[in-house]
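Below are the chains, spelled out letter by letter.
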Amino acid sequence: MIFECRRYTLQPGRMADFIALQHRRGFDGPNAGFISRVIGYFETVTGTPEQIVHLYRYDGYEDWIEKLHGLYAIPELAFYFTEARAMVDRQETNFFQPAPLAALCPLWHGETDWLPGKGRERWDLRAMPDAVVEETLEAFRPGGLPAYWQAMEECGLAATAPMRGDTVATWWSMTGRLHVVASYRLFASLAERERCRREAADGPAMAAFDAALRPILRERSTTLLRPVPVPPMSPLFRHD
(Lines give C-alpha, C1' and ligand atoms only; values in the text may rest on other atoms or scores of the structure.)
Protein backbone atom coordinates (compact mmCIF):
# COMPACT_ATOMS: atom_id res chain seq x y z
CA MET A 1 0.00 0.00 0.00
CA ILE A 2 1.01 3.63 -0.45
CA PHE A 3 -0.10 6.84 1.20
CA GLU A 4 -0.61 10.24 -0.38
CA CYS A 5 -0.37 13.61 1.33
CA ARG A 6 -1.84 16.52 -0.63
CA ARG A 7 -1.46 20.16 0.41
CA TYR A 8 -3.64 22.84 -1.05
CA THR A 9 -2.79 26.41 -0.13
CA LEU A 10 -5.94 28.40 -0.76
CA GLN A 11 -6.41 32.03 -1.59
CA PRO A 12 -7.11 34.13 1.53
CA GLY A 13 -10.62 33.67 2.84
CA ARG A 14 -11.54 30.73 0.57
CA MET A 15 -11.54 27.87 3.11
CA ALA A 16 -15.32 27.94 3.65
CA ASP A 17 -15.87 28.11 -0.11
CA PHE A 18 -13.58 25.11 -0.63
CA ILE A 19 -15.44 23.02 1.96
CA ALA A 20 -18.80 24.03 0.45
CA LEU A 21 -17.55 22.97 -2.97
CA GLN A 22 -16.84 19.47 -1.64
CA HIS A 23 -20.50 19.19 -0.64
CA ARG A 24 -21.62 20.35 -4.08
CA ARG A 25 -19.38 17.76 -5.75
CA GLY A 26 -20.74 15.07 -3.43
CA PHE A 27 -19.21 12.07 -1.71
CA ASP A 28 -20.84 9.19 -3.56
CA GLY A 29 -21.55 8.25 -7.16
CA PRO A 30 -18.41 8.72 -9.27
CA ASN A 31 -16.56 10.08 -6.21
CA ALA A 32 -17.11 6.99 -4.07
CA GLY A 33 -13.87 5.35 -5.22
CA PHE A 34 -11.47 7.97 -3.93
CA ILE A 35 -13.67 8.77 -0.91
CA SER A 36 -13.17 5.12 0.07
CA ARG A 37 -9.45 5.90 0.35
CA VAL A 38 -9.67 9.10 2.41
CA ILE A 39 -7.91 9.11 5.78
CA GLY A 40 -8.72 12.72 6.54
CA TYR A 41 -8.82 16.35 5.49
CA PHE A 42 -7.23 18.77 7.96
CA GLU A 43 -7.04 22.56 8.23
CA THR A 44 -3.81 24.14 9.43
CA VAL A 45 -3.80 25.73 12.89
CA THR A 46 -0.13 26.70 12.70
CA GLY A 47 2.28 27.01 9.78
CA THR A 48 0.96 28.08 6.39
CA PRO A 49 -2.46 29.74 6.78
CA GLU A 50 -5.40 28.81 4.57
CA GLN A 51 -3.88 25.41 3.89
CA ILE A 52 -5.74 22.11 3.79
CA VAL A 53 -3.86 18.82 4.14
CA HIS A 54 -5.55 15.66 2.90
CA LEU A 55 -4.29 12.14 3.48
CA TYR A 56 -5.19 9.01 1.51
CA ARG A 57 -4.37 5.32 1.59
CA TYR A 58 -4.20 3.45 -1.75
CA ASP A 59 -3.46 -0.15 -2.62
CA GLY A 60 -0.72 1.06 -4.97
CA TYR A 61 -0.03 3.40 -7.86
CA GLU A 62 -2.58 1.70 -10.13
CA ASP A 63 -5.28 2.10 -7.47
CA TRP A 64 -4.44 5.81 -7.23
CA ILE A 65 -4.72 6.22 -11.02
CA GLU A 66 -8.01 4.34 -11.17
CA LYS A 67 -9.79 6.01 -8.27
CA LEU A 68 -8.55 9.57 -8.69
CA HIS A 69 -7.48 10.31 -12.23
CA GLY A 70 -10.54 8.76 -13.79
CA LEU A 71 -12.57 11.61 -12.28
CA TYR A 72 -11.03 14.16 -14.63
CA ALA A 73 -12.80 12.60 -17.61
CA ILE A 74 -16.30 12.76 -16.09
CA PRO A 75 -18.20 15.72 -17.63
CA GLU A 76 -20.45 16.16 -14.58
CA LEU A 77 -17.39 16.91 -12.43
CA ALA A 78 -15.82 19.50 -14.73
CA PHE A 79 -17.35 22.34 -12.68
CA TYR A 80 -15.59 21.05 -9.57
CA PHE A 81 -12.09 21.09 -11.03
CA THR A 82 -12.64 24.49 -12.61
CA GLU A 83 -13.88 26.09 -9.39
CA ALA A 84 -11.40 24.33 -7.08
CA ARG A 85 -8.41 25.39 -9.16
CA ALA A 86 -9.63 28.98 -9.08
CA MET A 87 -9.48 28.89 -5.26
CA VAL A 88 -6.04 27.29 -4.93
CA ASP A 89 -2.73 29.15 -5.09
CA ARG A 90 -0.50 26.10 -4.70
CA GLN A 91 -0.86 22.30 -4.87
CA GLU A 92 1.68 19.77 -3.63
CA THR A 93 1.58 16.00 -3.35
CA ASN A 94 3.89 13.37 -1.90
CA PHE A 95 3.74 9.60 -1.60
CA PHE A 96 4.83 7.59 1.42
CA GLN A 97 5.21 4.04 2.71
CA PRO A 98 4.39 2.95 6.27
CA ALA A 99 7.04 2.87 8.98
CA PRO A 100 8.45 -0.61 9.63
CA LEU A 101 7.58 -0.46 13.36
CA ALA A 102 4.02 -1.36 14.35
CA ALA A 103 3.97 1.09 17.27
CA LEU A 104 4.55 3.97 14.84
CA CYS A 105 1.91 2.99 12.29
CA PRO A 106 -0.71 0.98 14.21
CA LEU A 107 -3.53 1.42 11.67
CA TRP A 108 -1.51 0.06 8.74
CA HIS A 109 0.84 -2.67 9.83
CA GLY A 110 0.87 -6.44 9.33
CA GLU A 111 -2.71 -7.66 9.14
CA THR A 112 -4.15 -4.28 10.17
CA ASP A 113 -5.36 -2.09 7.32
CA TRP A 114 -7.71 0.71 8.28
CA LEU A 115 -10.10 2.03 5.63
CA PRO A 116 -13.09 4.33 6.12
CA GLY A 117 -16.53 2.87 6.67
CA LYS A 118 -19.55 2.94 8.94
CA GLY A 119 -18.52 2.04 12.47
CA ARG A 120 -14.79 2.26 11.69
CA GLU A 121 -14.26 5.65 13.31
CA ARG A 122 -11.31 5.56 15.71
CA TRP A 123 -11.87 8.72 17.74
CA ASP A 124 -14.94 10.64 18.89
CA LEU A 125 -14.72 14.39 18.33
CA ARG A 126 -17.74 14.92 20.57
CA ALA A 127 -15.52 13.94 23.50
CA MET A 128 -12.61 16.08 22.29
CA PRO A 129 -13.96 19.17 20.52
CA ASP A 130 -10.56 20.88 20.74
CA ALA A 131 -8.59 18.01 19.23
CA VAL A 132 -5.46 18.78 17.20
CA VAL A 133 -3.30 16.57 15.02
CA GLU A 134 0.43 17.21 15.13
CA GLU A 135 2.23 16.68 11.83
CA THR A 136 6.00 16.34 12.24
CA LEU A 137 8.33 16.14 9.24
CA GLU A 138 11.90 14.99 9.93
CA ALA A 139 14.48 15.04 7.14
CA PHE A 140 17.56 12.84 7.49
CA ARG A 141 20.85 12.76 5.69
CA PRO A 142 21.00 10.27 2.78
CA GLY A 143 21.28 6.80 4.24
CA GLY A 144 20.05 7.97 7.62
CA LEU A 145 16.72 6.15 7.66
CA PRO A 146 18.05 2.73 8.74
CA ALA A 147 19.87 4.43 11.62
CA TYR A 148 16.67 6.26 12.54
CA TRP A 149 14.59 3.08 12.71
CA GLN A 150 17.32 1.41 14.79
CA ALA A 151 17.49 4.34 17.19
CA MET A 152 13.71 4.36 17.43
CA GLU A 153 13.68 0.68 18.37
CA GLU A 154 16.52 0.98 20.89
CA CYS A 155 15.40 4.08 22.79
CA GLY A 156 13.02 6.20 20.70
CA LEU A 157 9.86 4.23 21.41
CA ALA A 158 10.46 4.66 25.14
CA ALA A 159 11.43 8.31 24.73
CA THR A 160 8.37 9.25 22.66
CA ALA A 161 5.85 7.06 24.50
CA PRO A 162 4.07 10.02 26.18
CA MET A 163 3.54 11.53 22.71
CA ARG A 164 2.20 8.39 21.04
CA GLY A 165 -0.99 7.70 22.96
CA ASP A 166 -3.09 8.38 19.86
CA THR A 167 -0.77 7.80 16.93
CA VAL A 168 -2.44 8.07 13.54
CA ALA A 169 0.52 7.16 11.32
CA THR A 170 4.25 7.37 10.66
CA TRP A 171 5.43 7.15 7.05
CA TRP A 172 8.62 7.60 5.04
CA SER A 173 8.82 9.45 1.73
CA MET A 174 8.84 7.80 -1.69
CA THR A 175 8.70 10.99 -3.80
CA GLY A 176 9.78 14.60 -3.51
CA ARG A 177 12.43 15.10 -0.87
CA LEU A 178 13.67 11.65 0.16
CA HIS A 179 14.80 10.41 3.60
CA VAL A 180 11.82 12.20 5.20
CA VAL A 181 9.69 10.72 7.98
CA ALA A 182 6.18 12.12 8.44
CA SER A 183 4.32 11.41 11.67
CA TYR A 184 0.74 12.27 12.66
CA ARG A 185 -0.37 12.23 16.30
CA LEU A 186 -3.71 13.19 17.80
CA PHE A 187 -4.09 15.17 21.03
CA ALA A 188 -7.31 16.06 22.81
CA SER A 189 -6.26 19.72 23.02
CA LEU A 190 -3.29 22.05 22.76
CA ALA A 191 -2.89 21.85 26.54
CA GLU A 192 -2.79 18.04 26.40
CA ARG A 193 -0.16 18.19 23.68
CA GLU A 194 2.03 20.48 25.78
CA ARG A 195 1.66 18.21 28.81
CA CYS A 196 2.73 15.19 26.76
CA ARG A 197 5.67 17.08 25.25
CA ARG A 198 6.94 18.08 28.69
CA GLU A 199 6.59 14.53 29.98
CA ALA A 200 8.55 13.18 27.00
CA ALA A 201 11.27 15.82 27.32
CA ASP A 202 11.76 15.01 31.01
CA GLY A 203 11.90 11.24 30.45
CA PRO A 204 15.19 9.38 30.94
CA ALA A 205 15.25 7.95 27.39
CA MET A 206 15.00 11.27 25.53
CA ALA A 207 18.64 12.25 25.98
CA ALA A 208 19.82 8.98 24.44
CA PHE A 209 17.38 9.32 21.56
CA ASP A 210 18.41 12.90 20.84
CA ALA A 211 22.06 11.85 20.86
CA ALA A 212 21.35 9.07 18.37
CA LEU A 213 19.54 11.46 16.01
CA ARG A 214 22.06 14.28 16.17
CA PRO A 215 24.43 12.93 13.47
CA ILE A 216 21.66 12.07 11.00
CA LEU A 217 18.84 14.61 11.48
CA ARG A 218 18.97 17.57 9.12
CA GLU A 219 15.61 19.33 9.63
CA ARG A 220 12.47 19.04 11.73
CA SER A 221 9.23 20.96 11.31
CA THR A 222 5.89 20.71 13.07
CA THR A 223 2.43 21.84 11.97
CA LEU A 224 -0.74 21.61 14.01
CA LEU A 225 -3.91 20.58 12.17
CA ARG A 226 -7.61 20.23 12.94
CA PRO A 227 -9.91 17.69 11.30
CA VAL A 228 -12.39 19.18 8.87
CA PRO A 229 -15.78 18.75 10.61
CA VAL A 230 -17.42 16.90 7.70
CA PRO A 231 -17.80 13.13 8.26
CA PRO A 232 -16.88 11.92 4.73
CA MET A 233 -13.80 14.17 4.81
CA SER A 234 -12.71 13.04 8.29
CA PRO A 235 -13.72 9.37 8.52
CA LEU A 236 -11.26 8.61 11.34
CA PHE A 237 -13.54 10.59 13.63
CA ARG A 238 -17.10 10.34 14.85
CA HIS A 239 -18.79 13.71 14.52
CA ASP A 240 -22.35 13.23 15.82
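Anything mentioned here points back to the structure above.
(A) Quick peek at the pattern of salt bridges. Evaluated as defined, the whole model comprises 19 salt bridges. Taking the shortest distance from any N to any O, the salt bridge between Arg90 and Glu92 comes out at 3.4 Å. Of the charged contacts, one joins Arg177 and Glu219 as a salt bridge, the two residues approaching to 3.1 Å between their closest N and O atoms. Linking Arg177 in the loop between strand E9 (167–173) and strand E10 (180–187) with Glu219 in strand E11 (residues 217–227), this pair joins segments that are 42 residues apart in sequence. By relative accessible area, Glu219 is classed as partly exposed at 44%. Residues participating in the shared-partner salt-bridge network are Arg37, Arg57, Asp59, Asp63, Lys67 and Asp113.

(B) Main features of the packing of aromatic side chains. Applying the stated criterion across every chain, the model contains 18 aromatic pairs. With a centroid separation of 4.5 Å and an interplanar angle of 15°, the aromatic rings of Phe3 and Trp171 are classed as stacked. Of this pair, Phe3 sits in strand E1 (residues 2–10) while Trp171 sits in strand E9, placing them 168 residues apart in sequence. Here Phe3 matches Trp171 in class, with each residue buried. For the pair Trp108 and Trp114, a centre-to-centre distance of 6.2 Å together with 90° between the ring planes defines the contact as edge-to-face. Summarising the burial analysis for this pair, Trp108 and Trp114 share the class buried. Taken together, the ring pairs in this structure connect Phe3, Phe96, Trp108, Trp114, Trp171 and Tyr184 into an aromatic cluster.

(C) Geometry of the layout of surface pockets. Taken as a whole, the largest pocket holds about 430 Å³ of empty space. Along the walls of the largest pocket sit 20 residues, with Met163, Arg185, Arg197, Met206 and Arg220 positioned nearest its centre. Per-element accounting of the lining of the largest pocket gives the leading share, 4 residues, to helix H7 (residues 206–213). Here the lining of the largest pocket is built from residues that sort into 9 nonpolar, 5 polar and 6 charged.

(D) Expanded view of the packing of helix H1 (residues 15–25) against helix H4 (residues 78–87). It is at 11 Å that the axes of H1 and H4 come closest, and there the two elements cross at 175°. Judged by the inter-axis angle, H1 sits roughly antiparallel to H4. Here Asp17, Phe18, Leu21, Gln22, Arg24 and Arg25 of H1 come into contact with H4, specifically with Phe79, Tyr80, Glu83, Ala84 and Met87. Taken together, the residues of the contact of H1 with H4 break down into 6 nonpolar, 1 polar and 4 charged.

(E) Spatial organisation of the pairing of strand E3 (residues 51–58). Taking burial as the measure, the 8 residues of E3 include 8 buried ones, the bulk of the element. Burial of the side chains of E3 extends over both faces: Gln51, Val53, Leu55 and Arg57 are buried on one face and Ile52, His54, Tyr56 and Tyr58 on the other. The pairing of E1 with E3 spans 8 bridges and is classified as antiparallel. Considered in E3, the bridge of Glu4 is made with Tyr56. Pairing between strand E2 (residues 38–44) and E3: 5 bridges, direction antiparallel. Within E3, the residue paired with Tyr41 across the bridge is His54.

(F) A look at the sheet that holds strand E8 (residues 132–140). Pairing in this closed barrel of 8 strands is antiparallel, and the strands run E1-E3-E2-E11-E8-E10-E9-E4 around the ring. Across the sheet, the mean angle separating the axes of adjacent strands is 35° when strand polarity is ignored. Helix H3 (residues 61–68) rests against E1, E3 and strand E4 (88–98) of the sheet, and its axis sits at about 45° to E1.

(G) Quick peek at the environment of Gly70. Tracing the backbone through its elements, the reader meets Gly70 in the loop between H3 and H4. By relative accessible area, which is 36% here, Gly70 ends up partly exposed. Taking the C-alpha atoms as reference points, Gly70 and Ala151, 81 residues apart in sequence, are found 42 Å from one another.

Cut-offs used in this document
- Residues numbered from 1 in each chain as written.
- Predicted model: local features only at pLDDT ≥ 70, side-chain atom pairs only at ≥ 80, totals over all residues.
- Heavy atoms only, no water.
- Salt bridge = Lys/Arg side-chain N within 4 Å of Asp/Glu carboxyl O.
- Helix = DSSP H or I, 4+ residues; strand = E, 2+ residues; numbered from the N terminus.
- Buried < 20%, exposed > 50% of the residue type's maximum accessible area, 1.4 Å probe, protein only.
- Phe/Tyr/Trp six-rings, centres within 6.5 Å; stacked < 30°, edge-to-face > 60°.
- 1 Å grid on protein atoms, 1.4 Å probe; cavity = no way out; pocket = protein on both sides within 12 Å on 5 of 7 lines; lining within 4 Å.
- Points joined across faces, edges and corners; volume = space filled by probe spheres on them.
- Nonpolar A, V, L, I, M, F, W, Y, C, P; charged D, E, K, R; others polar.
- Axes fitted to C-alpha atoms, helices over the stretch in contact; angles between N-to-C directions.
- Parallel < 35°, antiparallel > 145°, perpendicular 65-115°, else oblique.
- Contact = heavy atoms within 4.5 Å.
- Pairing = 2+ DSSP bridges.

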